[in-house]
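Notes for the structure review
Read off the chains here:
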Amino acid sequence: GSAGGSSGPERRALWVAAFLTGRRARVRCDGVRTAFRGVGGRSVPQGTVLGRSTHDVAQIKTALAEGVDYTGFGPVFGSKTTATGYPPRGLSALQRAVEAAGKTPVVAIGGITLENLPAVRRTGVQAWAPISALLAQGDIAAATRPFTLL
C-alpha cells in the first residue's frame, strides 16, 4: 500500500540515468538506459533496472534477447533534447514496438506532451518520458504532476 493510508497501489517514479559511453557518472538511481549502440550486457549492480533505447522492432528484439528490463522507443514525435539520428517514428511504430516487446515494458520518448499523451497511451505503452515538456518549465516537480495523474 502507499503512504497516507491510500488503499490503491503504491506509485513512485523510477530515477533512470542515461549511460553515456566514456562518461560514467556516479549517481544513485533505480536504473540505467543505454543507447542502442551503447554497452552490451549487464555491467550494472544486481537489482538495477536495465533499459535500452530502441528505434525499430528489430532493435527491440535484439534488446529483449540481451535481457533488458524495459525498452525506450522513439523518438515518437521528434526530440528537442537529443539528436537521435532517427526521424520521428510516430504512433503506429510505437504500437508495433509495444506489440513486439510483449510483456517487457516500453517507454515512449521524444516529443511527449500533455496534449499528445492520450494518443500515446492508447498504443498500450507502459510509461512515457516527457523530457522537453518538463525541462521547459521553471518548476519541474510541479510540471511532472499532470503527467502522473493521467
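Residues numbered from 1 in each chain as written. Predicted model: local features only at pLDDT ≥ 70, side-chain atom pairs only at ≥ 80, totals over all residues. Heavy atoms only, no water.

1. Considering the pattern of salt bridges
Note the cut-off: Salt bridges are counted wherever a side-chain nitrogen of Lys or Arg sits within 4 Å of a carboxyl oxygen of Asp or Glu. Each helix corresponds to a stretch of at least 4 residues labelled H or I by DSSP, and each strand to a stretch of at least 2 residues labelled E; elements are numbered beginning at the N terminus.
A complete count under the given rule lists one salt bridge for this structure. With a shortest N-O distance of 3.0 Å, R52 and E66 are connected by a salt bridge. One end of the pair, R52, is in strand β3 (residues 49-54); the other, E66, is in the loop between α1 (57-65) and β4 (70-73), and 14 residues separate them in sequence.

2. Notes on the nonpolar core
Our working definition: Residues grouped as a nonpolar core are buried Ala, Val, Leu, Ile, Met, Phe, Trp, Tyr and Cys residues, joined through side-chain atoms within 4.5 Å. Three exposure classes are used, based on accessible area relative to the maximum for each residue type with a 1.4 Å probe and protein chains only: buried under 20%, partly exposed in between, and exposed over 50%. Note on definitions: a residue-residue contact is assigned when non-hydrogen atoms from the two residues lie within 4.5 Å.
Core analysis: the largest hydrophobic core is formed by 17 residues, its most contacted members being F73, L94, V106, A108, I112, V120 and V125. Where this core is concerned, the elements lending two or more residues are α2 (90-101), β5 (106-109), α3 (117-121) and α5 (140-148). Excluding its chain neighbours within four sequence positions, the residues that come into contact with A108 are F73, V76, L94, V120, V125, A127, W128 and A129.

3. Side note on a nonpolar patch on the surface
The following threshold applies: The residues that make up patches have over 30% relative accessible area and no salt bridge, and they are joined within 9 Å when like-charged or within 5 Å when they are Val, Leu, Ile, Met, Phe, Trp or Tyr. Only the protein chains shown count as covering a residue, and every accessible area follows the Shrake-Rupley method with a 1.4 Å probe.
On the surface, a cluster of nonpolar side chains totalling about 250 Å² of accessible area is made up of I131, L135 and I140. Among the secondary structure elements, I140 is positioned in helix α5. When its relative accessible area of 39% is taken as the criterion, I140 is described as partly exposed.

4. A look at unusual backbone geometry
Residue P75 is reached from G74 by a cis peptide bond, and omega for that bond is 5 degrees. By secondary structure assignment, the location of P75 is in the loop between β4 and α2.

5. Some words on the packing of α1 against α2
Convention followed: The convention used is that axes are lines fitted to C-alpha atoms, helices contributing only their stretch in contact, and that angles between N-to-C directions extend from 0 to 180 degrees. Note on angle classes: values under 35 degrees are labelled roughly parallel, values over 145 roughly antiparallel, values of 65 to 115 roughly perpendicular, and the remainder oblique. By convention, the crossing between two helices is left-handed when the near helix turns anticlockwise from the far helix through less than a right angle, and right-handed when the turn is clockwise.
It is at 9 Å that the axes of α1 and α2 come closest, and there the two elements cross at 25 degrees. Here α2 runs roughly parallel to α1, going by the angle between their axes. Between α1 and α2 lies a crossing whose hand is right-handed. Contact residues: V57, I60 and L64 in α1; R96, A97, A100 and A101 in α2.

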